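These are the residues of each chain, in order.
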Amino acid sequence: MKIPRIVLAGATSGVGKTSITCSIIYALQKQGYTVQPFKVGPDYIDPSYLSNISKNNAFNLDVWLMGKNHLLSSFISNSKSDVSVIEGVMGYYDGFGGDSNYASTHHVASITKSPVILILDASKTARSIAATALGFQKFHKNSRITGIILNKIGSKKHENLCRQALQKTKLPIVGVIPKNPNLNLESRHLGLFSTLDNKTLYNKIQKISKTISKNLDIEQIIKILKNTSHLQKISKPSHKKPKTTIAIALDTSFNFYYQDNLESLRREGALLKFFSPVNDTKIPKCDGLYIGGGFPEVLGSKLAKNQTMKKLIKNLAEDNLPIYAECGGLMYLTKSISSENKKYKMVGVFDAETYMTKRMKLNYTKGKINPSIISERSHSIQGHEFHYSKLNSVSTDSKFAYELEIGDGIKNHKDGLIQYNSLASYGHLYFDSFNYAENFVKNCIKYSRS
(Lines give C-alpha, C1' and ligand atoms only; values in the text may rest on other atoms or scores of the structure.)
Protein backbone atom coordinates (compact mmCIF):
# COMPACT_ATOMS: atom_id res chain seq x y z
CA MET A 1 0.00 0.00 0.00
CA LYS A 2 1.09 3.56 -0.67
CA ILE A 3 1.80 5.63 2.46
CA PRO A 4 3.31 9.10 1.91
CA ARG A 5 5.74 9.40 4.81
CA ILE A 6 8.82 11.09 6.15
CA VAL A 7 11.21 10.86 9.11
CA LEU A 8 12.62 13.90 10.90
CA ALA A 9 16.02 13.01 12.34
CA GLY A 10 18.57 15.04 14.29
CA ALA A 11 22.34 14.96 14.27
CA THR A 12 22.08 15.00 18.08
CA SER A 13 19.50 15.51 20.79
CA GLY A 14 18.46 19.09 21.31
CA VAL A 15 18.58 20.23 17.67
CA GLY A 16 14.88 21.13 17.65
CA LYS A 17 13.31 17.93 16.31
CA THR A 18 10.02 18.23 18.17
CA SER A 19 9.30 21.88 17.34
CA ILE A 20 10.33 21.38 13.71
CA THR A 21 8.28 18.18 13.37
CA CYS A 22 5.26 20.02 14.78
CA SER A 23 5.90 22.84 12.32
CA ILE A 24 5.98 20.47 9.36
CA ILE A 25 2.71 18.92 10.52
CA TYR A 26 1.26 22.43 10.82
CA ALA A 27 2.45 23.37 7.33
CA LEU A 28 1.09 20.15 5.80
CA GLN A 29 -2.30 20.81 7.34
CA LYS A 30 -2.30 24.31 5.87
CA GLN A 31 -1.80 22.61 2.49
CA GLY A 32 -4.94 20.55 3.11
CA TYR A 33 -3.35 17.28 4.26
CA THR A 34 -4.37 15.23 7.29
CA VAL A 35 -1.36 13.98 9.25
CA GLN A 36 -0.73 10.90 11.41
CA PRO A 37 2.24 11.44 13.77
CA PHE A 38 4.64 8.83 15.12
CA LYS A 39 7.54 9.07 17.57
CA VAL A 40 10.62 6.85 17.58
CA GLY A 41 11.62 5.45 20.94
CA PRO A 42 10.06 4.94 24.38
CA ASP A 43 8.84 8.51 24.75
CA TYR A 44 5.58 9.79 26.22
CA ILE A 45 5.98 13.56 26.22
CA ASP A 46 6.97 14.46 22.66
CA PRO A 47 3.99 12.51 21.26
CA SER A 48 1.64 14.78 23.22
CA TYR A 49 2.91 17.75 21.19
CA LEU A 50 2.56 15.85 17.93
CA SER A 51 -0.98 14.87 18.90
CA ASN A 52 -1.74 18.44 19.85
CA ILE A 53 -0.76 19.80 16.42
CA SER A 54 -2.12 16.98 14.26
CA LYS A 55 -5.34 16.35 16.25
CA ASN A 56 -4.50 12.63 15.91
CA ASN A 57 -3.11 10.41 18.66
CA ALA A 58 0.62 9.83 18.11
CA PHE A 59 1.94 6.27 18.18
CA ASN A 60 5.40 5.14 19.33
CA LEU A 61 7.77 3.13 17.15
CA ASP A 62 10.40 1.33 19.21
CA VAL A 63 12.17 -1.77 17.89
CA TRP A 64 13.38 -2.91 21.33
CA LEU A 65 9.90 -2.87 22.81
CA MET A 66 7.87 -3.91 19.78
CA GLY A 67 10.12 -6.01 17.58
CA LYS A 68 10.47 -5.34 13.85
CA ASN A 69 7.22 -7.01 12.77
CA HIS A 70 5.00 -5.39 15.41
CA LEU A 71 6.57 -2.01 14.67
CA LEU A 72 5.88 -2.25 10.96
CA SER A 73 2.37 -3.58 11.60
CA SER A 74 1.59 -0.69 13.95
CA PHE A 75 2.95 1.86 11.51
CA ILE A 76 0.96 0.52 8.56
CA SER A 77 -2.30 -0.05 10.45
CA ASN A 78 -2.21 3.39 12.09
CA SER A 79 -1.24 5.32 8.94
CA LYS A 80 -4.83 6.27 8.15
CA SER A 81 -4.23 9.94 7.26
CA ASP A 82 -2.99 11.51 4.04
CA VAL A 83 0.58 11.70 5.36
CA SER A 84 2.56 9.95 8.11
CA VAL A 85 5.26 11.98 9.89
CA ILE A 86 7.79 10.25 12.15
CA GLU A 87 9.85 12.19 14.68
CA GLY A 88 13.18 10.56 15.48
CA VAL A 89 14.94 10.15 18.81
CA MET A 90 18.40 11.35 19.97
CA GLY A 91 20.98 11.40 17.16
CA TYR A 92 20.07 9.67 13.91
CA TYR A 93 22.21 6.55 14.50
CA ASP A 94 21.84 6.41 18.30
CA GLY A 95 20.12 3.27 19.52
CA PHE A 96 20.61 0.42 21.96
CA GLY A 97 24.40 0.27 21.69
CA GLY A 98 27.40 1.83 20.04
CA ASP A 99 28.19 -1.09 17.74
CA SER A 100 25.00 -1.12 15.66
CA ASN A 101 22.02 1.00 14.61
CA TYR A 102 19.59 -1.29 16.45
CA ALA A 103 16.58 0.63 17.82
CA SER A 104 17.83 3.91 16.33
CA THR A 105 15.92 6.36 14.18
CA HIS A 106 17.85 5.02 11.19
CA HIS A 107 16.70 1.49 12.05
CA VAL A 108 13.05 2.62 12.13
CA ALA A 109 13.49 4.57 8.88
CA SER A 110 14.90 1.42 7.27
CA ILE A 111 12.08 -0.82 8.55
CA THR A 112 9.42 1.61 7.32
CA LYS A 113 11.40 2.39 4.12
CA SER A 114 11.00 6.10 4.78
CA PRO A 115 12.92 9.09 3.38
CA VAL A 116 14.71 11.14 6.02
CA ILE A 117 15.26 14.85 6.54
CA LEU A 118 18.30 15.56 8.71
CA ILE A 119 18.06 18.50 11.12
CA LEU A 120 21.36 20.27 11.82
CA ASP A 121 22.10 22.87 14.48
CA ALA A 122 24.13 25.49 12.62
CA SER A 123 24.54 27.89 15.55
CA LYS A 124 28.26 27.43 16.09
CA THR A 125 29.49 26.42 12.67
CA ALA A 126 29.54 27.40 8.99
CA ARG A 127 31.63 25.49 6.44
CA SER A 128 32.23 22.70 8.94
CA ILE A 129 28.54 21.82 8.86
CA ALA A 130 29.19 20.09 5.53
CA ALA A 131 31.58 17.69 7.26
CA THR A 132 28.81 16.77 9.69
CA ALA A 133 26.27 16.28 6.92
CA LEU A 134 28.65 14.24 4.75
CA GLY A 135 29.52 12.10 7.76
CA PHE A 136 25.87 11.26 8.32
CA GLN A 137 25.41 10.53 4.62
CA LYS A 138 28.36 8.16 4.41
CA PHE A 139 28.30 6.58 7.87
CA HIS A 140 25.83 3.96 6.66
CA LYS A 141 25.73 2.56 3.14
CA ASN A 142 22.05 3.49 2.90
CA SER A 143 21.53 6.58 5.03
CA ARG A 144 18.11 7.32 3.50
CA ILE A 145 18.82 11.05 4.01
CA THR A 146 17.08 13.02 1.26
CA GLY A 147 17.07 16.57 2.61
CA ILE A 148 18.48 18.94 5.24
CA ILE A 149 16.97 21.52 7.58
CA LEU A 150 19.30 24.13 9.08
CA ASN A 151 18.30 25.36 12.52
CA LYS A 152 19.53 28.38 14.50
CA ILE A 153 20.91 30.37 11.55
CA GLY A 154 22.40 33.66 12.75
CA SER A 155 22.19 35.84 9.63
CA LYS A 156 21.81 35.82 5.86
CA LYS A 157 25.61 35.67 5.55
CA HIS A 158 25.66 32.66 7.87
CA GLU A 159 22.99 30.98 5.77
CA ASN A 160 24.93 31.58 2.54
CA LEU A 161 28.12 30.10 4.02
CA CYS A 162 26.25 26.97 5.08
CA ARG A 163 24.51 26.63 1.73
CA GLN A 164 27.80 26.93 -0.15
CA ALA A 165 29.44 24.28 2.02
CA LEU A 166 26.49 21.87 1.79
CA GLN A 167 26.53 21.83 -2.01
CA LYS A 168 28.92 18.88 -1.71
CA THR A 169 26.13 16.76 -0.24
CA LYS A 170 23.90 17.32 -3.29
CA LEU A 171 20.95 17.32 -0.88
CA PRO A 172 18.19 19.92 -1.01
CA ILE A 173 17.96 22.32 1.93
CA VAL A 174 14.27 22.27 2.77
CA GLY A 175 14.29 24.61 5.75
CA VAL A 176 16.38 27.47 7.11
CA ILE A 177 15.27 28.52 10.58
CA PRO A 178 16.65 31.73 12.15
CA LYS A 179 18.07 31.61 15.65
CA ASN A 180 15.31 32.66 18.03
CA PRO A 181 15.24 31.88 21.77
CA ASN A 182 11.45 32.19 21.72
CA LEU A 183 11.30 29.02 19.61
CA ASN A 184 12.74 26.87 22.41
CA LEU A 185 10.55 24.48 24.39
CA GLU A 186 10.94 24.15 28.14
CA SER A 187 11.95 20.80 29.60
CA ARG A 188 11.22 18.80 32.69
CA HIS A 189 13.02 15.72 33.95
CA LEU A 190 13.28 13.42 30.97
CA GLY A 191 12.20 15.59 28.10
CA LEU A 192 9.57 18.17 27.33
CA PHE A 193 6.61 19.12 29.46
CA SER A 194 3.41 17.31 28.63
CA THR A 195 0.82 19.48 26.91
CA LEU A 196 -1.59 18.32 29.59
CA ASP A 197 0.36 20.45 32.08
CA ASN A 198 -1.09 23.81 31.12
CA LYS A 199 -2.73 25.80 28.36
CA THR A 200 0.24 28.16 28.09
CA LEU A 201 2.43 25.40 26.70
CA TYR A 202 -0.42 24.20 24.51
CA ASN A 203 -0.64 27.65 22.95
CA LYS A 204 3.12 28.05 22.75
CA ILE A 205 3.68 24.99 20.57
CA GLN A 206 0.96 26.27 18.24
CA LYS A 207 2.69 29.65 17.99
CA ILE A 208 6.13 28.09 17.50
CA SER A 209 4.82 25.81 14.74
CA LYS A 210 3.26 28.72 12.89
CA THR A 211 6.49 30.76 13.09
CA ILE A 212 8.84 27.97 12.01
CA SER A 213 6.56 26.81 9.20
CA LYS A 214 7.20 30.10 7.39
CA ASN A 215 10.85 29.06 7.02
CA LEU A 216 10.19 25.64 5.47
CA ASP A 217 10.14 24.67 1.81
CA ILE A 218 6.94 22.71 2.28
CA GLU A 219 6.52 22.00 -1.44
CA GLN A 220 9.92 20.29 -1.53
CA ILE A 221 9.09 18.37 1.65
CA ILE A 222 5.83 17.16 0.10
CA LYS A 223 7.75 16.04 -2.98
CA ILE A 224 10.13 14.01 -0.79
CA LEU A 225 7.44 12.34 1.31
CA LYS A 226 5.42 11.35 -1.75
CA ASN A 227 8.44 9.67 -3.37
CA THR A 228 8.15 6.48 -1.32
CA SER A 229 7.92 2.79 -2.07
CA HIS A 230 4.86 0.66 -1.38
CA LEU A 231 4.51 -1.22 1.91
CA GLN A 232 2.80 -4.57 2.20
CA LYS A 233 -0.83 -4.32 3.19
CA ILE A 234 -1.62 -6.05 6.47
CA SER A 235 -4.83 -7.59 7.72
CA LYS A 236 -6.44 -5.81 10.65
CA PRO A 237 -6.78 -7.87 13.84
CA SER A 238 -10.33 -8.59 14.87
CA HIS A 239 -11.86 -6.88 17.90
CA LYS A 240 -13.63 -8.90 20.57
CA LYS A 241 -16.95 -7.68 21.90
CA PRO A 242 -16.61 -5.66 25.14
CA LYS A 243 -16.81 -8.04 28.08
CA THR A 244 -15.29 -5.99 30.88
CA THR A 245 -14.56 -2.40 31.90
CA ILE A 246 -11.13 -1.05 32.80
CA ALA A 247 -10.75 2.37 34.41
CA ILE A 248 -7.72 4.36 33.22
CA ALA A 249 -6.15 7.11 35.33
CA LEU A 250 -5.72 10.13 33.06
CA ASP A 251 -4.95 13.68 34.18
CA THR A 252 -2.00 16.04 34.63
CA SER A 253 -0.32 13.54 36.99
CA PHE A 254 -0.90 10.34 35.02
CA ASN A 255 -0.74 10.57 31.24
CA PHE A 256 2.10 8.32 30.06
CA TYR A 257 0.38 5.68 27.93
CA TYR A 258 1.26 4.05 24.63
CA GLN A 259 -1.73 4.38 22.33
CA ASP A 260 -1.08 0.83 21.11
CA ASN A 261 -1.48 -0.44 24.68
CA LEU A 262 -4.85 1.21 25.06
CA GLU A 263 -5.93 -0.08 21.66
CA SER A 264 -4.81 -3.62 22.53
CA LEU A 265 -7.01 -3.58 25.65
CA ARG A 266 -9.97 -2.50 23.53
CA ARG A 267 -9.17 -5.17 20.95
CA GLU A 268 -9.22 -7.84 23.67
CA GLY A 269 -12.70 -6.85 24.82
CA ALA A 270 -12.20 -4.04 27.34
CA LEU A 271 -14.34 -0.93 27.52
CA LEU A 272 -12.07 1.89 28.72
CA LYS A 273 -13.33 4.60 31.04
CA PHE A 274 -11.11 7.45 32.23
CA PHE A 275 -10.89 9.18 35.61
CA SER A 276 -8.66 11.65 37.46
CA PRO A 277 -6.94 10.65 40.74
CA VAL A 278 -6.23 14.37 41.22
CA ASN A 279 -9.74 15.81 40.80
CA ASP A 280 -12.35 13.03 40.97
CA THR A 281 -13.97 11.52 44.04
CA LYS A 282 -15.41 8.55 42.17
CA ILE A 283 -13.99 5.78 40.01
CA PRO A 284 -16.09 4.51 37.08
CA LYS A 285 -17.70 1.14 37.76
CA CYS A 286 -15.00 -1.23 36.56
CA ASP A 287 -13.37 -4.66 36.82
CA GLY A 288 -9.78 -3.41 36.65
CA LEU A 289 -7.54 -0.34 36.99
CA TYR A 290 -4.63 0.84 34.85
CA ILE A 291 -2.54 3.66 36.35
CA GLY A 292 0.14 4.82 33.94
CA GLY A 293 3.25 6.92 34.40
CA GLY A 294 3.60 10.64 34.80
CA PHE A 295 4.72 13.16 37.41
CA PRO A 296 2.72 12.47 40.61
CA GLU A 297 5.31 14.33 42.68
CA VAL A 298 4.46 17.62 40.93
CA LEU A 299 0.86 17.53 42.17
CA GLY A 300 1.72 15.50 45.26
CA SER A 301 -0.19 17.86 47.54
CA LYS A 302 -3.42 17.56 45.53
CA LEU A 303 -3.11 13.78 45.25
CA ALA A 304 -2.49 13.54 48.99
CA LYS A 305 -5.51 15.73 49.81
CA ASN A 306 -7.86 13.60 47.72
CA GLN A 307 -8.50 11.20 50.60
CA THR A 308 -11.65 9.79 49.01
CA MET A 309 -9.82 8.65 45.87
CA LYS A 310 -6.94 7.12 47.81
CA LYS A 311 -9.32 5.19 50.04
CA LEU A 312 -11.35 3.97 47.06
CA ILE A 313 -8.27 2.61 45.29
CA LYS A 314 -6.88 0.95 48.41
CA ASN A 315 -10.23 -0.70 49.14
CA LEU A 316 -10.43 -1.99 45.55
CA ALA A 317 -6.90 -3.36 45.81
CA GLU A 318 -7.72 -5.14 49.07
CA ASP A 319 -10.81 -6.54 47.35
CA ASN A 320 -8.43 -8.09 44.78
CA LEU A 321 -9.47 -5.89 41.86
CA PRO A 322 -6.81 -6.35 39.13
CA ILE A 323 -4.62 -3.21 39.16
CA TYR A 324 -1.73 -2.64 36.76
CA ALA A 325 0.51 0.39 37.32
CA GLU A 326 3.70 1.74 35.76
CA CYS A 327 6.26 4.19 37.20
CA GLY A 328 4.15 7.16 38.33
CA GLY A 329 1.38 4.70 39.08
CA LEU A 330 3.79 2.66 41.20
CA MET A 331 4.81 5.80 43.12
CA TYR A 332 1.16 6.68 43.77
CA LEU A 333 0.44 3.20 45.15
CA THR A 334 3.28 3.37 47.71
CA LYS A 335 2.78 4.82 51.22
CA SER A 336 4.22 8.25 50.41
CA ILE A 337 6.19 10.44 47.99
CA SER A 338 8.94 12.69 49.35
CA SER A 339 9.95 15.64 47.17
CA GLU A 340 11.83 18.85 48.00
CA ASN A 341 11.66 18.33 51.77
CA LYS A 342 7.94 17.64 51.60
CA LYS A 343 6.25 14.31 52.20
CA TYR A 344 2.91 13.47 50.63
CA LYS A 345 0.84 10.55 51.86
CA MET A 346 -0.25 8.28 48.99
CA VAL A 347 -2.51 5.22 48.61
CA GLY A 348 -0.43 2.71 50.56
CA VAL A 349 -1.15 -0.49 48.64
CA PHE A 350 2.56 -1.32 48.77
CA ASP A 351 4.67 -1.29 51.92
CA ALA A 352 7.30 1.10 50.57
CA GLU A 353 7.99 4.84 50.35
CA THR A 354 9.01 6.89 47.30
CA TYR A 355 11.56 9.67 47.38
CA MET A 356 12.70 11.87 44.53
CA THR A 357 16.37 11.96 43.49
CA LYS A 358 18.41 14.22 41.23
CA ARG A 359 19.80 11.27 39.29
CA MET A 360 17.94 9.96 36.27
CA LYS A 361 17.48 6.26 35.67
CA LEU A 362 17.04 5.68 31.95
CA ASN A 363 17.42 2.17 30.57
CA TYR A 364 16.02 -0.36 28.21
CA THR A 365 15.21 -3.38 30.34
CA LYS A 366 15.40 -7.11 29.76
CA GLY A 367 14.66 -10.04 31.99
CA LYS A 368 12.03 -12.55 33.01
CA ILE A 369 8.44 -12.09 34.14
CA ASN A 370 6.86 -14.52 36.55
CA PRO A 371 3.14 -15.43 36.49
CA SER A 372 1.00 -12.40 37.32
CA ILE A 373 -2.17 -10.57 36.27
CA ILE A 374 -0.62 -9.83 32.85
CA SER A 375 1.18 -13.13 32.25
CA GLU A 376 -0.04 -16.67 32.73
CA ARG A 377 3.47 -18.10 32.63
CA SER A 378 7.13 -17.13 32.98
CA HIS A 379 8.87 -15.80 29.88
CA SER A 380 11.43 -13.21 28.79
CA ILE A 381 10.50 -9.52 28.67
CA GLN A 382 11.90 -6.38 27.08
CA GLY A 383 10.80 -2.95 28.25
CA HIS A 384 12.22 0.34 29.45
CA GLU A 385 12.45 2.48 32.58
CA PHE A 386 13.01 6.18 33.16
CA HIS A 387 12.46 8.00 36.43
CA TYR A 388 13.92 10.33 39.02
CA SER A 389 12.81 8.45 42.09
CA LYS A 390 13.62 5.46 44.26
CA LEU A 391 11.66 3.28 46.64
CA ASN A 392 12.74 3.16 50.29
CA SER A 393 11.75 0.82 53.07
CA VAL A 394 10.71 -1.93 50.67
CA SER A 395 9.49 -4.79 52.80
CA THR A 396 11.90 -7.73 52.91
CA ASP A 397 9.09 -10.16 52.12
CA SER A 398 7.92 -8.23 49.05
CA LYS A 399 7.03 -10.25 45.97
CA PHE A 400 8.35 -9.19 42.56
CA ALA A 401 7.13 -10.13 39.09
CA TYR A 402 10.27 -9.21 37.12
CA GLU A 403 13.86 -10.41 37.39
CA LEU A 404 16.08 -8.13 35.29
CA GLU A 405 19.30 -8.83 33.40
CA ILE A 406 19.35 -5.28 32.02
CA GLY A 407 17.94 -2.37 34.02
CA ASP A 408 17.73 -1.44 37.70
CA GLY A 409 14.11 -1.99 38.61
CA ILE A 410 12.92 -1.33 42.16
CA LYS A 411 15.48 -3.26 44.19
CA ASN A 412 18.38 -5.59 43.40
CA HIS A 413 17.39 -5.74 39.70
CA LYS A 414 13.91 -6.85 40.62
CA ASP A 415 10.81 -4.99 39.50
CA GLY A 416 7.05 -5.36 39.46
CA LEU A 417 5.79 -5.37 43.05
CA ILE A 418 2.90 -7.76 43.65
CA GLN A 419 0.33 -7.23 46.39
CA TYR A 420 -3.21 -8.62 46.40
CA ASN A 421 -4.12 -8.67 42.70
CA SER A 422 -2.03 -5.57 41.93
CA LEU A 423 1.16 -5.32 39.88
CA ALA A 424 3.20 -2.10 39.82
CA SER A 425 6.62 -1.51 38.30
CA TYR A 426 9.10 1.15 37.26
CA GLY A 427 9.31 -0.67 33.95
CA HIS A 428 7.04 0.04 30.98
CA LEU A 429 5.93 -2.74 28.64
CA TYR A 430 4.51 -2.85 25.13
CA PHE A 431 1.40 -5.00 25.52
CA ASP A 432 1.48 -6.58 22.05
CA SER A 433 5.02 -7.91 22.51
CA PHE A 434 3.28 -10.72 24.41
CA ASN A 435 -0.36 -11.37 25.32
CA TYR A 436 -0.29 -8.93 28.25
CA ALA A 437 -3.54 -7.21 27.28
CA GLU A 438 -5.31 -10.53 26.78
CA ASN A 439 -4.24 -11.78 30.21
CA PHE A 440 -5.12 -8.54 31.98
CA VAL A 441 -8.57 -8.51 30.38
CA LYS A 442 -9.10 -12.17 31.31
CA ASN A 443 -8.29 -11.39 34.94
CA CYS A 444 -10.69 -8.44 34.89
CA ILE A 445 -13.45 -10.69 33.52
CA LYS A 446 -12.66 -13.27 36.21
CA TYR A 447 -12.97 -10.57 38.90
CA SER A 448 -16.33 -9.42 37.51
CA ARG A 449 -17.68 -12.94 37.83
CA SER A 450 -16.32 -13.57 41.31
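Residues numbered from 1 in each chain as written. Predicted model: local features only at pLDDT ≥ 70, side-chain atom pairs only at ≥ 80, totals over all residues. Heavy atoms only, no water.

### Focus: the nonpolar core
It is characteristic of soluble globular proteins that their nonpolar side chains tend to be buried jointly. Core analysis: the largest hydrophobic core is formed by 83 residues, its most contacted members being Leu28, Ile149, Leu150 and Ile221. The residues that make up this core include at least three from each of domain 1 (5-226) and domain 2 (244-448). Setting aside anything within four residues of it in sequence, one finds isoleucine 221 in contact with Ile6, Ile24, Ile117, Val174 and Leu216. If you look at the next biggest cluster of nonpolar residues, it comprises 64 residues, including Ala270, Tyr290, Leu391 and Ile410. (Core = buried A, V, L, I, M, F, W, Y, C linked by side-chain atoms within 4.5 Å. Buried < 20%, exposed > 50% of the residue type's maximum accessible area, 1.4 Å probe, protein only. Domains from an automatic or database assignment. Contact = heavy atoms within 4.5 Å.)

### Quick look at helix H9 (residues 259-267)
Here H9 lies mainly inside the structure; seven of its nine residues are buried. Buried within H9 are the following residues: Gln259, Asp260, Asn261, Leu262, Ser264, Leu265 and Arg267. Elements that come into contact with the buried residues of H9 comprise strand E3 (59-61), helix H3 (63-78), strand E10 (244-249), strand E12 (270-275), strand E13 (288-291) and helix H13 (436-449). Looking one or two residues beyond H9, the residue adopting positive phi is glycine 269, at roughly 105°. (Helix = DSSP H or I, 4+ residues; strand = E, 2+ residues; numbered from the N terminus.)

### Remarks on the confidence of the model for the chain
In this model, the chain carries a mean pLDDT of 94, and residues with pLDDT of at least 70 account for 97%. Across residues 189-193 the pLDDT falls below 50, and counting only partners more than four positions away or on other chains, this stretch makes 21 contacts in the model. (pLDDT = per-residue confidence, 0-100.)

### Concerning the domain arrangement of the chain
Structurally, the chain comprises domain 1 (5-226) and domain 2 (244-448). Using only C-alpha atoms to locate each centre, domain 1 and domain 2 end up separated by 32 Å. Listed as interface residues are 23 residues of domain 1 and, on the opposing side, 28 residues of domain 2. In this assembly, domain 1 packs against domain 2 so that about 2,400 Å² is buried in total across both faces, 68% of it on carbon and sulfur atoms. (Buried area = accessible area lost by both parts, 1.4 Å probe.)

### Let's talk about the packing of aromatic side chains
The final tally for this structure, using the stated rule, is 21 aromatic pairs. Here phenylalanine 38 and phenylalanine 59 contribute two aromatic rings whose centre-to-centre distance is 6.4 Å and whose plane-to-plane angle is 40°, an arrangement assigned as tilted. One end of the pair, phenylalanine 38, is in strand E2 (residues 35-40); the other, phenylalanine 59, is in strand E3, and 21 residues separate them in sequence. There is no split in this pair, since phenylalanine 38 and phenylalanine 59 are both buried. (Phe/Tyr/Trp six-rings, centres within 6.5 Å; stacked < 30°, edge-to-face > 60°.)

### Points about helix H11 (residues 307-318)
An ideal rise of 1.5 Å per residue puts 16 Å on 12 residues; H11 measures up with 16 Å between its terminal C-alpha atoms. A positive backbone phi angle near 70° is found at asparagine 320, which sits one or two residues after H11. (Expected span 1.5 Å × (residues − 1).)

### Focus: unusual backbone geometry
With a phi angle near 50°, asparagine 412 is a residue other than glycine that sits in the positive phi range. Position of asparagine 412 relative to the elements: it lies in the loop between strand E20 (399-406) and strand E21 (414-419). Overall, asparagine 412 belongs to the exposed group, its relative accessible area being 61%. Even without glycine at this site, tyrosine 420 takes up a positive phi of about 55°.

### A short note on the UniProt feature "site: Increases nucleophilicity of active site Cys" (unreviewed entry) in the chain
Under the local residue numbering, the UniProt record ascribes the feature "site: Increases nucleophilicity of active site Cys" (unreviewed entry) to His428. Within the secondary structure layout, histidine 428 lies in the loop between strand E22 (422-425) and H13. Those residues within four positions of histidine 428 in sequence are excluded, and the remaining contacts are Tyr44, Leu65, Gly293, Glu326, Cys327, Gly383, His384 and Phe386. Engagement of the side chain of histidine 428 in a polar contact is seen with the side chain of tyrosine 44, the distance being 2.9 Å. (UniProt positions renumbered as here; feature names shortened; annotations may be inferred. Polar contact = N/O pair within 3.5 Å; in protein donor to acceptor, adjacent residues only side chain to side chain.)

### Things to note about the UniProt feature "active site" (unreviewed entry) in the chain
In the UniProt entry, the feature "active site" (unreviewed entry) is given for Cys327. Here cysteine 327 is in contact with Gly293, Phe386, His387, Ser425, Tyr426 and His428, once residues within four sequence places are set aside.

### Regarding the pattern of salt bridges
Scanning the entire structure with this criterion turns up 13 salt bridges. Salt-bridge contacts for aspartate 432 lead to arginine 267; the nearest nitrogen and oxygen are separated by 2.7 Å. Taken together, the residues span a long stretch of sequence, with aspartate 432 in the loop between E22 and H13 and arginine 267 in helix H9 at a distance of 165 residues. Under the relative-accessibility criterion, arginine 267 is labelled buried at 16%. Salt bridges sharing common partners tie together Lys240, Arg267, Glu268 and Asp432. (Salt bridge = Lys/Arg side-chain N within 4 Å of Asp/Glu carboxyl O.)

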